[in-house]
Amino acid sequence: MAKKKLKVRASAKKGYAVIKAILFHPMETGLRKSKETGEVIPAKYIKEVSIKHNDEQVMMINMGIAVSKNPYLSVEVKDAVKGDTISIGWLDNEGDEASTDVKIR
Amino acid sequence: MNSQRRSFMRNTFTGSLVAVSVASGLLTPSRVLAAWPKAAFDSTSVKDAMMGLLGTEKFEENAAISLRTPDIAENGTVVPVTVKTKLPNVETISVFALENARPLAISADLSAKSRAVLATRIKLGKTSKVVAVVKAGGKLFGATKTVKVTLGGCGG
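Residues numbered from 1 in each chain as written. Chains lettered and ligands numbered in written order. Predicted model: local features only at pLDDT ≥ 70, side-chain atom pairs only at ≥ 80, totals over all residues.

A. Highlighting the interface of chain A and chain B. Taken together, the contacts link 37 residues of chain A with 41 residues of chain B. Secondary-structure elements contributing two or more residues to the side of chain A that touches chain B are strand 3 (46-53), strand 4 (56-63), strand 5 (72-78), strand 6 (85-92) and strand 7 (97-103) of chain A. Taken together, the residues of the side of chain A that touches chain B sort by class into 17 nonpolar, 11 polar and nine charged. Across four bridges, strand 5 of chain A lies against strand 7 (residues 114-122) of chain B in antiparallel orientation. Counted as the bridge partner of A:Leu73 is B:Thr120 from strand 7 of chain B. (Contact = placed C-beta atoms within 7 Å. Helix = DSSP H or I, 4+ residues; strand = E, 2+ residues; numbered from the N terminus. Nonpolar A, V, L, I, M, F, W, Y, C, P; charged D, E, K, R; others polar. Pairing = 2+ DSSP bridges.)

B. Representation of the nonpolar core. With 65 residues, the main nonpolar core has A:Val49, B:Ile93, B:Val95, B:Ala105, B:Ile122, B:Ala132 and B:Val134 as its most contacted residues. Top contributing element to this core by residue count: strand 8 (residues 128-136) of chain B, with six residues. Ignoring sequence-local partners within four residues, the contact set of B:Ile93 consists of B:Val83, B:Ala108, B:Leu110, B:Ala116, B:Leu118, B:Ala132 and B:Val134. (Core = buried A, V, L, I, M, F, W, Y, C linked by C-beta atoms within 7 Å. Buried ≥ 20, exposed ≤ 12 C-beta atoms within 10 Å, placed from the backbone.)

C. Just the sheet that holds strand 7 of chain B, in detail. Read across the sheet, six strands follow the order 1(A)-2(A)-5(A)-7(B)-4(B)-2(B) without closing on themselves; strand pairing throughout is antiparallel. The open sheet has two free edges, formed respectively by strand 1 (6-12) of chain A together with strand 2 (65-68) of chain B, since each of these has just one partner strand. Strand-to-strand twist in this sheet, taken as the mean axis angle between neighbours without regard to direction, amounts to 15 degrees. Note that strand 2 of chain B and strand 4 (residues 79-85) of chain B share four bridges and pair antiparallel. Within strand 4 of chain B, the residue paired with B:Ile65 across the bridge is B:Thr85. (Axes fitted to C-alpha atoms, helices over the stretch in contact; angles between N-to-C directions.)

Laid out in C-alpha cells, this is it:
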C-alpha cells in the first residue's frame, strides 16, 4: 500500500472551521549534498497547496524550499459548519500530487 | 551506472506525467487564484523575493499583525510560525526568512472566505529575522521577529 501522503483534520468552531493538515513530503531543498557521495540531492518540494470548502476554492498556498519537511499547515475557513467537506491537495515541483477530502467534525 | 541517462529518464517520465495530468484536468490545485510565483521563490535576495511576489519591498510595520515564533529555536529545521491579523480584506499572507538562501518561505492567497490565520513550520539556516507580510485592501503591513537558531536547518 502506498504511504499516506497527507493527514487532515477539520473541526467546526463558532462560525468557522479550523483545518489542520500534515503533508508527508521530504521537502528537499536542492542545496544539500549527500553525505556518502557528495552529490547534490535534487530538489523536491511542494509548490502549491489548494484548500477547498464544498468544492469552492478558499485558499491557495504557495510554498518554497524553506518550509519544513512534512509541512504542517493550520488555517481557518469562514462559514463552514459540521458535515461540510474540506478538500486539500498538493502538487510538488516534479508533478507528484496527492489530495484528500474530509468532513468537518 | 550512467547517472545522466537515469536523470534523463526520470525527467522525461515526470515531464510527460505532468503534461498528461494537465491535459486531462487532473492537476489538483486549480489555478483559480494565482500560479506559483517562480521568480519570487527562486530569488536569493530578500528584495528580489518581495519585489517578485508583492511588487514592492516597502511595507508598514503594524501592530495589528501578530507573528508568533519561538525566540530561540533549538532546531532550525522545524521552526513553528503563526501569522494572524484582524485587519479586514486580507489578500495574501507571506513569510520571509531574511537570512535563508531563498528568503521566501511561504505565501498564501486568501479568498474572502478564509480567515487571516496561517500557521506552519519553516526551516531557518541560521539566526535570522522572520518577517510576515500581509496584504490587506491593497496595502502591505508587516511584522518582524528575530529567531535565534542554535542548529541550522538548511543543510551544508
